Every structure is written in structure tokens, then in C-alpha cells.
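In case you want the letters, here they are:
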Amino acid sequence: MPLIFYVSDDGNMYEADVPIGNSVMNGAVENMIDGILGECGGVMSCATCHCYVDEKWLDKTGTASDTELEMIEATSDPRPNSRLSCQIKVTEEMEGLTVHLPQSQY
Ligand code: FES
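Since we're looking at a predicted model, the values are computed, not measured. (Residues numbered from 1 in each chain as written. Predicted model: local features only at pLDDT ≥ 70, side-chain atom pairs only at ≥ 80, totals over all residues. Heavy atoms only, no water.)

All right, on to the sheet that holds strand β5 (residues 98–100) then. For sheets, the rule is that strands pair by backbone hydrogen bonds, running either parallel or antiparallel. The five strands lie next to each other as β2-β1-β5-β3-β4, forming an open sheet whose pairing is mixed. Every interior strand has two partners, whereas the edge strands, β2 (13–17) and β4 (82–84), have only one. Ignoring strand direction, the axes of neighbouring strands in this sheet form an average angle of 35 degrees. Where strand β1 (residues 3–7) lies against β5, three bridges are found, and the strand directions are parallel. If you follow Tyr-6 over to β5, its bridge partner there is Val-99. (Pairing = 2+ DSSP bridges. Helix = DSSP H or I, 4+ residues; strand = E, 2+ residues; numbered from the N terminus. Axes fitted to C-alpha atoms, helices over the stretch in contact; angles between N-to-C directions.)

Following this line, the structure appears as C-alpha cells:
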């Protein structure tokens, strides 16, 4: 079960063991990590799971779909490494994946 790191906007680091196939969003919600809300449950209709993939991990997490990119554009602070964490499915290669959390999900 890969260990995923979540870094809040104020620099605090949280970690969660997330089962392979689960999403980075679910890993945060199930471990009560503040900063990722996941209000739609992962069906890509809320964007309250916005995160920034640490630059070192971009090749492992892949790229956002067109629909995901449209939703990211509607967030308060989109960046080139933005993703919706519900769309990042954890794989074995993601041991140590680090995502940064936005200051706000609204
Ligand atoms: Fe709603 Fe990701 S949880 S878009």
C-alpha cells in the first residue's frame, strides 16, 4: 500500500497509506486530511479535490484529461501541475507520491 504525502498550504505534512487503485482524493478523505474535500465523491463534478502534484512526480501521475483541465481552470488558483486528486489512481510506482494542497478549495 503506497504511502502518499499531502502537504498543506502552511507547510504541514500529512501521510496516508492508500490502497493501489484507490484515488489520492479518497486517501485524503478516508484519513481525515484537511484540504481535500471530495464533495462529489470522485465523479469529477466538484473540483474540491484540487491539488498540485509535486514536480518530481509529474511523470508518474500522468496528465489531466480535457474535462479535468476545464474543471481545474475553474478553481481559485490553477497551476501547470494542478490535478483533481480524484482522477489520480494510486499505483505501485507511487510510493512516496507528494501532493500539495491549495490554500482553499473554493
Ligand atoms: Fe469532485 Fe474530484 S472529488 S471532482
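Ile-4, Tyr-6, Val-24, Ile-36, Leu-84, Leu-97 and Val-99 are the most contacted members of the largest nonpolar core, which has 26 residues in total. Of all the secondary-structure elements, those providing two or more residues to this core are β1, α1 (24–30), β3 (50–53) and α3 (66–73). Looking at this core element by element, the count peaks at three residues for α1. When sequence neighbours within four positions are dropped, the list of residues in contact with Val-24 reads Tyr-6, Ser-85, Ile-88, Val-90, Leu-97 and Val-99. (Core = buried A, V, L, I, M, F, W, Y, C linked by side-chain atoms within 4.5 Å. Buried < 20%, exposed > 50% of the residue type's maximum accessible area, 1.4 Å probe, protein only. Contact = heavy atoms within 4.5 Å.)

This paragraph deals with the environment of Gly-35. With respect to the helices and strands, the residue Gly-35 is situated in the loop between α1 and β3. In the structure, Gly-35 is positioned 67 residues away from Pro-102 in sequence and 7.1 Å away in space, judged by C-alpha atoms. With near-sequence residues (within four places) excluded, Gly-35 lies in contact with Leu-101, Pro-102 and Gln-105.

Below, the discussion takes up the pairing of β3. Regular strands place side chains that alternate from one sheet face to the opposite one. Residues His-50 and Tyr-52 point to one face of β3 and Cys-51 and Val-53 to the other, with burial holding for every one of them. Bridge count for β3 against β4 is three bridges, and the pairing is antiparallel. Bridge pairing in β4 places Cys-51 opposite Arg-83. Here two bridges tie β3 to β5, and the two strands are oriented antiparallel to one another. Residue Tyr-52 lies in a different strand from β5, and its bridge partner there is His-100.

What follows is about the side chain of Ser-23. Of note, Ser-23 is situated in the loop between β2 and α1. A distance of 2.9 Å separates a polar atom in the side chain of Ser-23 from the backbone nitrogen of Asn-26. Setting aside residues no more than four positions away along its own chain, Ser-23 makes contact with Val-18, Ser-85, Cys-86, Ile-88, Lys-89 and Val-90. (Polar contact = N/O pair within 3.5 Å; in protein donor to acceptor, adjacent residues only side chain to side chain.)

A few words on the side chain of Asn-81. Structurally, Asn-81 can be placed in the loop between α3 and β4. Using a relative accessible area of 11% as the deciding quantity, one classes Asn-81 as buried. Separated by 2.9 Å, the side chain of Asn-81 and the backbone oxygen of Val-53 make a polar contact.

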